[in-house]
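Close look at the chain arrangement
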Amino acid sequence: VEAYLLAYTPIYAPSQSLPTVLGAGDSITAGAAATLNSLCWLDLSVTNLGVGYDRVNLGISGSTAALWVSAYLASQVVPSYSATFPKFIVFINLGTNDIVGGFTAAQVKANLVSLGTTCKALGSNVKVVFGTVITRDNMTGGQNTIRLALNALLLADFNVATADPNAWLKGVGITYGDALADFAALSITRPDGTHPNDAGNATMAALAQTISIRPTT
């Protein structure tokens, strides 16, 4: 089952009997450079999980963590949630547009923490997973430094030490999220300099898939 955002209003109610993965993100989550939308990293990861999972892709091109805090969290995520879901996994992959728009690493992280905290408060069946921000060719040197700083802040919280970029990173004592997908550590082809191609989406999906099926403890 697939769901995409039209006119930025809730259009789809997933089956509340299935574990559901919801993507809160920008055009990277929407699959802007994928050959088909079904091949974006979020959807592909859930497809690989099989028929026992449902998904809601709320990738909004150009969106920022700040905008998700002020508008989309209430209008998109909250209406999609139900306490009857066996598991409700929220993947939050935001930050690249904030950085290009002039936000600092600390400001972006604060908005991500706000998003994660609000999602976690929805219910005990919610699992929140963040993604580090992948490189972007049109970032200035200063903006890329902010990107690296933001990723470092997240990695410091979700601090399972490992040399394997595909490993599952889980924070100890972190209240705003359950896990971190270190997308930035992966080798991802971006033909337009920003968005992963099909192979890049598949690489991200493989990591997202492993995190989706792991327990929160």
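Anything mentioned here points back to the structure above.
Procedures and definitions
Think of each chain on its own: its residues are numbered from 1, step by step along the sequence as written. Local features in this predicted model are restricted to residues of pLDDT 70 or higher, and side-chain atom pairs are both shown and tallied only at a pLDDT of 80 or more, whereas totals for entire chains, interfaces and linings draw on every residue. Values reported for side chains reflect all heavy atoms of the structure, with hydrogen atoms and water molecules removed beforehand. Each residue is assigned to one of three classes by its accessible area relative to the maximum for its type, calculated with a 1.4 Å probe on protein chains only: buried under 20%, partly exposed between the two thresholds, exposed over 50%. For the purposes of this entry, the term helix denotes a DSSP run of H or I that reaches at least four residues, the term strand denotes a run of E that reaches at least two, and both are numbered from the N terminus. Here the rule is simple: two strands pair whenever DSSP picks up at least two bridges between them. The set of buried Ala, Val, Leu, Ile, Met, Phe, Trp, Tyr and Cys residues whose side-chain atoms join them within 4.5 Å is what this entry labels a nonpolar core. Here a residue-residue contact requires only that any non-hydrogen atoms of the pair lie within 4.5 Å. A helix's residues, less one, multiplied by 1.5 Å, set its expected span. An arc is given here, and it is the one of the directions from the helix axis to the C-beta atoms.

Let us look at the pairing of strand E3 (residues 88-93). On a regular strand, each side chain points to the face opposite its neighbour's, so the side chains alternate between the two faces of the sheet. Counting buried positions over the six residues of E3 gives six, a clear majority of the element. Sheet topology places strand E1 (residues 20-25) next to E3; six bridges connect them, and they run parallel. Paired with Leu 22 across the strands is Val 90, a residue of E3. Where E3 meets strand E4 (residues 126-131), five bridges bridge the pair, whose relative direction is parallel. Pairing of Ile 89 across the sheet is with Lys 127, part of E4.

With that settled, the discussion passes to the nonpolar core. Buried together is how nonpolar side chains tend to be arranged in soluble globular proteins. Formed by 32 residues in total, the largest nonpolar core has its most connected members in Leu 22, Trp 68, Val 90, Ile 92, Leu 112, Leu 115 and Phe 130. Breaking this core down by element, the ones donating at least two residues are E1, strand E2 (54-59), helix H3 (65-80), E3, helix H5 (105-120), E4 and helix H6 (141-157). In this structure Val 90 touches Leu 22, Cys 119, Val 126, Lys 127, Val 128 and Val 129, once residues within four positions along its chain are discounted.

Let us look at H6. In this model H6 runs 25 Å from its N-terminal to its C-terminal C-alpha over 17 residues, within 8% of the 24 Å that 1.5 Å per residue would give. Every buried residue of H6 is listed here: Gln 143, Arg 147, Leu 150, Asn 151, Leu 154 and Asp 157. Around the axis of H6, the buried residues are gathered within 120° of arc, so they sit on the same side. Among the exposed residues of H6, those pointing more than 90 degrees away from its buried face are Gly 141 and Thr 145. On the buried face of H6, the contacting elements are helix H4 (96-100), H5, E4 and strand E5 (179-181).

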